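# Fold and geometry: a report
Spelled out from the first residue to the last, the chains are:
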2 protein chains.
Amino acid sequence: MEAPIGLFDSGFGGLTVMKEIVKLLPNENLIYLGDTANLPYGNKSPETVIRCARANAAFLLERGIKLLIIPCHTACCHALEILKQELPIPIVGVIEPGLQLVHNFRRIAILGTTSTIESGLYQTQIRKQNSNVEIFAKACPLFVPLIEEGFHEHITAKLIAQHYLDELKGKIDAALLACTHYPLLRKVLDEELGANVALIEPAVGCAQIVKKILVEKNQLRIQKEKPHYQFFASDDPEKFRKFGKLFFGTVIEKVEKNKKL
Amino acid sequence: MEAPIGLFDSGFGGLTVMKEIVKLLPNENLIYLGDTANLPYGNKSPETVIRCARANAAFLLERGIKLLIIPCHTACCHALEILKQELPIPIVGVIEPGLQLVHNFRRIAILGTTSTIESGLYQTQIRKQNSNVEIFAKACPLFVPLIEEGFHEHITAKLIAQHYLDELKGKIDAALLACTHYPLLRKVLDEELGANVALIEPAVGCAQIVKKILVEKNQLRIQKEKPHYQFFASDDPEKFRKFGKLFFGTVIEKVEKNKKL
């Protein structure tokens, strides 16, 4: 099926998930929308995040997507269930794959933006699947700007990680990276939390769920022509193009500006 | 004249200017709008900042303000001249007072957000008033999130200041704090740049210009009843109320949500 898969995120982070989709589903056409005019979502209220998420989804639906991925934890926490009820296509978020991956751990840290942690969604869902767990939910609001400004290998990233995570040392078996930016801090987090703590990223699991749905619905794209990747940003496409490479791993050739979101 | 003075900013920073207005013009009624749904402005494009600035100004004009203050350098760089042409009331920004204060220095650093520095406005204006100056323009994009997350006295604030400012050491006589958040980093900047470098804040100068205009137009409020301060935020009024104190210096009792901006 030629129709593309759509993804939206507040900015760049979701490109780490798109990278996994490209790996697992290399034939699919993809449209990515970075809502950079409204970033970040992580310190905004549920109401504002829901308004942005609806506008993003509408923009992608107009482009005929067959499935929507929301590779942004904050948007998933506030808007995933709402959009599932409102939209006529399958929607895959990053919460479910994260939950599956922490299933076998008993002492779990959830690291995310303020808005994600305050939503309490991960805490509730993890407890629902296993009431016998210890949960440590920790907002790490400076991680995103540090990464977006290229400081993820700077000494300050380590010091700020210490500030946030010192209290978790020796108390956890796994840390769920509930923000798509955080994999760029993997080295720092490994050093800070110790090698015996599993760092859980939902990106691969998300791609697997998408594949499963498309197989079941017989909607995989099987044409042999090269797939088409389209990128949109709601602010400053050129900045998105340049900076996106850090997250996507390969050069992004062209980014279009979408209308005001 | 009972009509209030209006102020808008992307968030909290402009409250440091409002504080100076309260000191110099203690009888004036004031309305402050923090456009927290769209913050930060400092990493957004001119087009997006202009769109937000127009919406903010319209919101305040509807409330009958007699004068508009834009205590946000990024908004001033992109939208001050545009709004001056479009609106029927006097508008005071933070650029002119800053320029007046650096007038007697020969080696000047401009510290601001990426968007402010990239606009090139300060560089052009400073050179216009004195072609015989050395200008060092430096974007310091992590300062705002550090301050907004309460890290302005943390060791990382010092290390990040070093990262940005090391190259300026010994080369400047004055540093213009071209972002209303930066006064909260005064101690760190003093240590990093040295006591012989003047740190220039335009807030007081901005208040003086406002007073001069109101005196000339005979629009000062002279009633003896206590003035009325109204606060609006476009996202999460309660967060604005709590966090605003850090910038305003006194407790903010009530913040109202404005309509979607």
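If you're wondering where the values come from, they're calculated on a predicted model, not measured in any experiment.

Screw-axis analysis of chain A against chain B gives a translation of 0.0 Å along the axis, an RMSD of 0.0 Å, and a rotation angle of 180 degrees. Overall, the copies show the geometry of a two-fold rotation axis. A shared interface surface links the copies, since 100% of the contact residues of chain A are contact residues in chain B too.

Residues and elements named next belong to chain A. Taking strand neighbours across the sheet as the criterion, the six strands line up as β4-β3-β1-β2-β9-β10 in an open arrangement whose pairing is parallel. The open sheet has two edge strands, β4 (91-92) and β10 (256-257), and neither has a second partner. Of the strand pairs in this sheet, strand β2 (residues 30-34) and strand β9 (residues 229-233) are connected by five bridges, and their pairing is parallel. Across the sheet, the residue bridging to Leu33 is Phe232, located in β9. This element, helix α1 (residues 15-24), spans β1 (5-9), β2, β3 (67-69) and β9 of the sheet and lies at about 175 degrees to β2.

This part covers the sheet that holds strand β7 (residues 174-177) of chain A. Residues and elements named next belong to chain A. With parallel pairing, the four strands of this open sheet are ordered in space as β6-β5-β7-β8. Edge strands, defined here as strands with exactly one partner in the open sheet, are β6 (134-139) and β8 (198-200). Put simply, the sheet's adjacent strands are angled 20 degrees from each other on average, direction ignored. Sheet topology note: the strand β5 (residues 107-112)/β6 ladder contains six bridges and is parallel. Bridged to Gly112 within β6 is Ala139.

How each quantity is defined
- All residue numbers here refer to positions counted from 1 along the written sequence of the relevant chain.
- The order in which chains are written sets their letters, starting at A; the order in which ligands are written sets their numbers, starting at 1.
- With the structure being a predicted model, the display of local features is reserved for residues of pLDDT at least 70 and the display and counting of side-chain atom pairs for 80 or more, all residues being used for whole-chain, interface and lining totals.
- Hydrogens and water molecules were not included; the side-chain quantities draw on all heavy atoms of the structure.
- Only residues with pLDDT of at least 70 in both copies contribute their C-alpha atoms to the least-squares superposition of the copies.
- Should any heavy atoms of two residues lie within 4.5 Å, those residues are considered in contact.
- If DSSP finds at least two bridges between two strands, the strands pair.
- Put simply, DSSP H or I for four residues or longer makes a helix, DSSP E for two residues or longer makes a strand, and each gets a number counted from the N terminus.
- Every axis corresponds to a line fitted to the C-alpha atoms, with the helix fit spanning only the stretch in contact, and the corresponding angles, defined between N-to-C directions, vary from 0 to 180 degrees.

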